[in-house]
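The primary structure of each chain is shown beneath.
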Amino acid sequence: MSRMAMLSGAAVAFALGSTAAIANVVVVKSLGPSAKAYPPGKTLPPSAKITLQGGDVVTVLGPSAAQTLRGPGNFDAGQMSLASAAGQRGRFGALRAAEVAHNPGIWDIDLTHGGRVCVSNASSVQAWRQDTETPMTVKIRSSDGKAEDLSWAAGKALAPWPAALPITGGAKYQVDWGDAGDPSTIDLVTVNSLPTDDLVGAAQVLIQNGCEKQLDLLVQSASKGAAAN
């Protein structure tokens, strides 16, 4: 076999392998009789058939779009994922820019409700608030007793996390809102090797670490992408 033929064969094999990887979908939500068969985090190859019973509701996420399947019925994972890939429009990058006043970016810390939050880059974390009409300052306390103020200007939904209060994975932080509301607690989880341009990979990281609210944001944005396509 000539060197050119070998290179061509390798290129074809690489392309097919890449297509197969792109075509995978991951289950992100599952309710109903078949929930055990399709648990959140389960990855399905293009050849998979998704068989649902009556009362089943399963949400799957592909390379750039999410779809909710309702039983009874049989669904082809390959068709859904390939259609998603064909309509890809950089949805992951758009998660941070779209409607920031109404929803936080996926890697911003939502201080309004608290809960578990996955952090991908502790040195550039921003804190998000829902009400942006007036300036506001809150006090953030770490579990070791340190406290720092975090302030938003009027009209701003995002503010940088206090540099004097380094983020530690697995630590809890209490947010004191003063007269603006009850205290909230943030449970931060630092994640490494985050697939920053891969919706399926990002969903798996969020599922594994229990960051449900960020997973909901990911699915919500991807669902908008599916509707636009």
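Keep in mind the model is a prediction, meaning the values are calculated, not measured.

A.B. asks: It is not clear to me how the sheet that holds strand β5 (residues 66–70) should be interpreted in this structure. Could you clarify?
C.D. replies: Note: strands within a sheet are paired through backbone hydrogen bonds, in either parallel or antiparallel orientation. The antiparallel open sheet is built from 4 strands, whose spatial order is β2-β1-β4-β5. Strands with a single pairing partner mark the edges of an open sheet, and in this sheet they are β2 (43–44) and β5. Contacting β1 (25–31), β2 and β4 (57–61), helix α4 (residues 199–208) crosses the sheet at an angle of about 45° to β1.

A.B. asks: Would you mind going over the sheet that holds strand β13 (residues 172–176) with me for this structure?
C.D. replies: Spatial ordering of the open sheet is given by β8-β14-β13-β10-β11, a layout of 5 strands whose pairing is mixed. Where the open sheet ends on each side, the last strands, each with one partner, are β8 (115–119) and β11 (147–152). Across the sheet, the mean angle separating the axes of adjacent strands is 30° when strand polarity is ignored. Relative to strand β14 (residues 184–190), β8 is paired through 5 bridges, and the arrangement is parallel. Note that in β14 the partner of Val119 across the bridge is Thr190.

A.B. asks: So what exactly am I meant to see when it comes to the state of the cysteines here?
C.D. replies: What the rule picks out here adds up to 1 disulfide. What pairs with Cys118 in a disulfide is Cys211, and their sulfur atoms sit 2.1 Å apart. Between Cys118 and Cys211, the disulfide has an S-S torsion of 85° and is therefore right-handed. Taken together, the residues Cys118 in strand β8 and Cys211 in the loop between α4 and α5 (212–228) connect sequence positions 93 residues apart.

Calculation notes
- Residues numbered from 1 in each chain as written.
- Predicted model: local features only at pLDDT ≥ 70, side-chain atom pairs only at ≥ 80, totals over all residues.
- Heavy atoms only, no water.
- Pairing = 2+ DSSP bridges.
- Helix = DSSP H or I, 4+ residues; strand = E, 2+ residues; numbered from the N terminus.
- Contact = heavy atoms within 4.5 Å.
- Axes fitted to C-alpha atoms, helices over the stretch in contact; angles between N-to-C directions.
- Disulfide = S-S within 2.5 Å.

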